[in-house]
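Residue-level structure breakdown
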Amino acid sequence: MSEKTTNKMEKIVSLCKRRGFIFQSSEIYGGINGFWDYGPYGVKLKRAVEQLWWSEMVEQRSDMEGLDSTVICHPKVWKASGHLDKFGDLMTDCRDCKARHRVDQMEDKTTCSNCGSKNLTPPREFNLMMKTYVGPVSDEDHAAFLRAETCQSIFVDFDLVKITARRKLPFGIAQIGKAFRNEINPRNFIFRSREFSQMEMEFFCSDEESMKWYEYWRQERLRYYHEIIGFKNDEIRIHEHETLAHYAKAALDIEFKFPFGWGELEGIHHRGTWDMSRHQEFSGISQEYFDQESGKKFIPTVVETSVGVDRTVLAILCRSYGEDMAETKKEGMEEDLRIVLRIKPRLAPVQIAVLPLAKKIAEPAEKIYKDIRKFFRAEFDLPGSIGKRYRRQDEIGTPFCLTYDFQSPEDNAVTVRDRDDMTQDRVSVSNLKTYLEEKIYA
Ligand code: ATP
């Protein structure tokens, strides 16, 4: 990794901690590798990411249902899905420095990248499922697993969803939730963690139509990244899988250019009838769909889109991070360098900050804040010089700061300062909501 990229990641990690986006879990105990907590601003950003995906994938569509299933389900689910037998990576340990490596990630498979030793253990299988016990007895009969992906319960609940929502094929089921993997080497901040969140959608259709739907979802998800999230052409790319799972007809990853290199953001997979057939076999319950028009019975084919919430948050933070030589003197600050997160207004943790110029005019400013927060993610920011408050809002990515000044009680207007070009508009309070809506959602 070049110095420049380490530097950028270090700056992002440091900003995330300093400004309350993301902290190491249980930091006072020295942290726990691969687990991260979202702080006050991080949770707002994470929720905004999830809400946007949910709105686009579920609420704005007529062919989608939602689901919120449990993290622990019947252990047979994982037997059927193949996770208990096959879900793992090959790992090797360095006998000298005790570092553990994932074999597929090693540049030189004979040498420890940590200390250079060749004294490695033979590669062995390592299962990534996290195990627990359900009930008071901790024996193998009571073993259960934290889900390694959210989609398996979608397959298992397919029939119930279909009946209760009175659905016919084709339609999809979407879910957002936690997943757990005992990753050998958690790394690159929240890119690879042991506890993370996924946003998954399984689209059920007939085999004949499945490639059409695969193409559709590939286009649709690219449209989402370009038009809705705002990624540029050189920030994302498609990586087609050369080797496919034996049941799959096609698979691709949408990759994002992180400071540490290209990394998978989302997988789009044609899963065939594999999952549904396996659940039919292991449960003994038919998973066939009866198509009234053709009079045929068949196991539905599935096309999946699967994206990590945390990787999306990281991608947004990476592309938004900037340092510029701004005209900060005009805003009362001596330093010229400002750190700014240029997050799209609709995803920004705080969309609007209301800043009264002085304490004695705080009350009418707070009234505006309380009206505004019904419609936007807003924050009331009182202490400190106006320049310092602007800098703080720049660092957390607030696109608009409303300054309530001494003229405001007279003209019933505020100054709206734009994070990106630092221009200021005088806007009448009665027109604020419409003005901000256009700026944020246009
Ligand atoms: P990788 O090859 O990076 O391990 P994967 O191919 O195993 O990922 P999938 O099983 O397809 O990933 O999971 C779907 C999505 O879930 C990924 O595209 C990614 O965004 C997210 N994801 C998977 N593993 C992790 C992890 N350990 N930490 C954070 N997000 C993850």
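Model, not experiment: these values are computed from the prediction. (Residues numbered from 1 in each chain as written. Predicted model: local features only at pLDDT ≥ 70, side-chain atom pairs only at ≥ 80, totals over all residues. Heavy atoms only, no water.)

1. Details of the packing of helix 2 (residues 40–59) against helix 7 (residues 210–229)
Our working rule: Orientation is described by lines fitted to C-alpha atoms, with helices fitted over the stretch in contact, and by angles between N-to-C directions that extend from 0 to 180 degrees. In this description a helix means any DSSP run of H or I spanning at least four residues, a strand means any run of E spanning at least two, and both kinds are numbered starting from the N terminus. Relative orientations are named as follows: roughly parallel for angles under 35 degrees, roughly antiparallel for angles over 145 degrees, roughly perpendicular for angles from 65 to 115 degrees, and oblique for any other angle. For any helix crossing, the convention is left-handed if the near helix is rotated counterclockwise from the far helix by under a right angle, and right-handed if that rotation is clockwise. When checking whether two residues touch, look at their non-hydrogen atoms; a contact exists if any pair is within 4.5 Å. Any residue outside Ala, Val, Leu, Ile, Met, Phe, Trp, Tyr, Cys, Pro, Asp, Glu, Lys and Arg is labelled polar, Gly included; the first ten of those are nonpolar and the last four are charged.
Remark: helix 2 packs on helix 7, axes separated minimally by 12 Å, with the N-to-C direction vectors making an angle of 135°. Comparing the axis directions of helix 2 and helix 7 gives the class oblique. Handedness of the helix 2/helix 7 crossing: right-handed. Judged by residue contacts, Leu52, Trp53, Glu56 and Met57 of helix 2 engage Trp217, Arg221, Arg223, Tyr224, Ile228 and Ile229 from helix 7. Here the contact of helix 2 with helix 7 is composed, by residue class, of seven nonpolar, no polar and three charged.

2. Observations regarding the site of the ligand
Selection rule: Here a residue is near a molecule or strand as soon as one of its heavy atoms is found within 4 Å of it. In protein, a polar contact requires one atom able to donate a hydrogen and another able to accept it; more generally it is a pair of N or O atoms within 3.5 Å, and residues adjacent in sequence count only if both atoms are side-chain atoms. Surface accessibility follows the Shrake-Rupley procedure with a 1.4 Å probe radius. Residue values consider only the protein chains on display as shielding.
Every one of the 15 residues lining the ligand counts as a neighbour, but Glu183, Arg192, Ser193, Glu264 and Leu265 are closest to it. Glu183 places a polar side-chain atom, nitrogen or oxygen, 2.8 Å from a nitrogen atom of the ligand. Here an oxygen atom of the ligand and a side-chain polar atom of Gln198 are 3.2 Å apart. When the ligand is considered free in solution it has 600 Å² of accessible area, and contact with the protein chains removes 83% of it. Secondary-structure elements contributing two or more residues to the shell around the ligand are strand 10 (195–205), strand 13 (261–272) and strand 16 (301–308). Counting residues per element, the shell around the ligand draws most heavily on strand 13, at four residues.

3. Observations regarding the sheet that holds strand 5 (residues 100–102)
Our working rule: Here, any two strands with at least 2 DSSP bridges between them count as paired.
Across the sheet, three strands lie side by side as 5-4-6; this open sheet has antiparallel pairing. Either end of the sheet is taken by a strand with one partner, and the two such strands are strand 5 and strand 6 (124–127). Each strand axis lies, on average, 45° off the axis of its neighbour in the sheet, ignoring direction. Bridge count between strand 4 (residues 88–93) and strand 6: four bridges; the pairing is antiparallel. In the strand pairing of strand 6, Met91 is matched with Arg124.

4. Remarks on the packing of aromatic side chains
Keep this limit in mind: Stacked, tilted and edge-to-face pairs are distinguished by plane angle, under 30 degrees for stacked and over 60 for edge-to-face with tilted covering the rest, among Phe, Tyr and Trp rings (Trp via its six-membered ring) whose centres lie within 6.5 Å. Burial classification: accessible surface area is computed with a 1.4 Å probe over protein chains only, and a residue below 20% of its type maximum counts as buried, one above 50% as exposed, and the rest as partly exposed.
Using the criterion set out here, one finds 20 aromatic pairs in the structure. Pairing Phe21 with Tyr41 gives two aromatic rings, centres 6.1 Å apart and planes at 40°, and the pair type is tilted. Highlighted residues: Phe21 in the loop between helix 1 (3–18) and strand 1 (22–24) and Tyr41 in helix 2, separated in sequence by 20 residues. Their ring planes at 40° and their centres at 6.4 Å tell us that Trp53 and Trp54 sit as a pair that is tilted. Residue Trp54 is classed as partly exposed on the basis of its relative accessible area of 24%.

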